[in-house]
Amino acid sequence: MSNFFTPGKSTASLRRVRPTDRDFILDASRVFEKFGPYVEIINGWLTDPWIEVMVLETDGTKTGFIFLGPLFPSYFRATVDVMAIYVRPEARGKGLAKRMLRWAEARALAAGYLTLRAHVGCENEPALSLFKSTGFKVIKKIENYYPSGLAAYELRKRLLKENE
Ligand SMILES: CC(C)(COP(=O)(O)OP(=O)(O)OC[C@H]1O[C@@H](n2cnc3c(N)ncnc32)[C@H](O)[C@@H]1OP(=O)(O)O)[C@@H](O)C(=O)NCCC(=O)NCCS
């Protein structure tokens, strides 16, 4: 578990997902339903051994989550995805998603990956700002990316410079 402090003196921590987090995650995942059947899809990701899920708690209350994967051995592929990131509405704007992305970067680097990737709905301004503010660059727009037919931007962040 990693702990960090947020403004307002509340304590936030990031820990590995537990079976008892399922209802919280699936309920929150309804926010992604305009992109397709993501409650069902995310339910599947929860039992995928290659996907790592971390849950954010603020003062003992579940406030967010991040899905990273698939973490296959990195010699198969150089890129790993932030598959989903979520913060409850009342906890937004305090830097918590940024902190979760920092965890994802450290985890991806430790697992031997060179690049972190994300796909974000083209209309999702908060998420696009989040990724851009943490150093991700828009690579391309992909029409019909999501099961619902909506388009996404692919964003990438290189974790190491060429000569590192
Ligand atoms: C996107 C989301 C995870 C951001 O969570 P958050 O904890 O509020 O984000 P942070 O407080 O860490 O913000 C980090 C940066 O993102 C940007 N940002 C976040 N929310 C924003 C908003 N509503 N409008 C504009 N920029 C925003 C800002 O650049 C911010 O940096 P700054 O505060 O230094 O200006 C949250 O809005 C969310 O859960 N949305 C619904 C789920 C979703 O769309 N997930 C992404 C797709 S997988």
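The notes below deal with the structure included here. (Residues numbered from 1 in each chain as written. Predicted model: local features only at pLDDT ≥ 70, side-chain atom pairs only at ≥ 80, totals over all residues. Heavy atoms only, no water.)

## Remarks on the site of the ligand
Defined as follows: The near set for a molecule or strand comprises every residue that places at least one heavy atom within 4 Å of it. Whenever two N or O atoms come within 3.5 Å, that pair is a polar contact, provided that in protein one can donate a hydrogen and the other can accept it, and provided that, for residues adjacent in sequence, both atoms are side-chain atoms. All accessible-area figures derive from a Shrake-Rupley calculation using a 1.4 Å probe, and residue coverage is judged against the displayed protein chains alone. Counting from the N terminus, the helices are the DSSP runs of H or I reaching at least four residues and the strands are the DSSP runs of E reaching at least two.
Lining the immediate surroundings of the ligand are 18 residues, of which Ile 85, Val 87, Gly 93, Gly 95 and Asn 124 lie closest. Separating an oxygen atom of the ligand from a backbone N or O atom of Val 87 is a distance of 2.8 Å. Take Gly 93: an N or O atom from its main chain is 2.8 Å from an oxygen atom of the ligand. The protein chains hide 71% of the 910 Å² of surface that the ligand would expose on its own. For the shell around the ligand, the secondary structure elements donating two or more residues are β5 (79-87), α3 (96-110) and α4 (125-133). Considering each element in turn, the shell around the ligand owes the most residues, five residues, to α4.

## A word on a nonpolar patch on the surface
Filter applied, for reference: Residues qualify for a patch when their relative accessible area is over 30% and they have no salt bridge, like charges being joined within 9 Å and the nonpolar side chains of Val, Leu, Ile, Met, Phe, Trp and Tyr within 5 Å. Between Lys or Arg on one side and Asp or Glu on the other, a salt bridge is scored when a side-chain nitrogen of the former is within 4 Å of a carboxyl oxygen of the latter. Three labels apply to residues, based on accessible area from a 1.4 Å probe with only protein chains included: buried if under 20% of the type maximum, exposed if over 50%, partly exposed otherwise in between.
A cluster of nonpolar side chains, Trp 50, Phe 72, Tyr 75 and Phe 76, forms an exposed patch at the surface whose accessible area comes to about 510 Å². Within the secondary structure, Phe 72 is located in the loop between β4 (61-69) and β5. Exposure remark for Phe 72: the relative accessible area of 30% places this residue in the partly exposed category.

## Topic: the environment of Glu 52
Our working definition: Two residues form a contact once any of their heavy atoms are found within 4.5 Å.
Note that Glu 52 resides in strand β3 (residues 52-58). A relative accessible area of 12% places Glu 52 in the buried class. The spatial distance from the C-alpha of Glu 52 to the C-alpha of Phe 67 is 5.8 Å, given a sequence separation of 15 residues. For Glu 52, the residues in contact, after removing those within four places along its chain, are Arg 16, Ile 66, Phe 67, Leu 68, Leu 71, Trp 103 and Arg 107.

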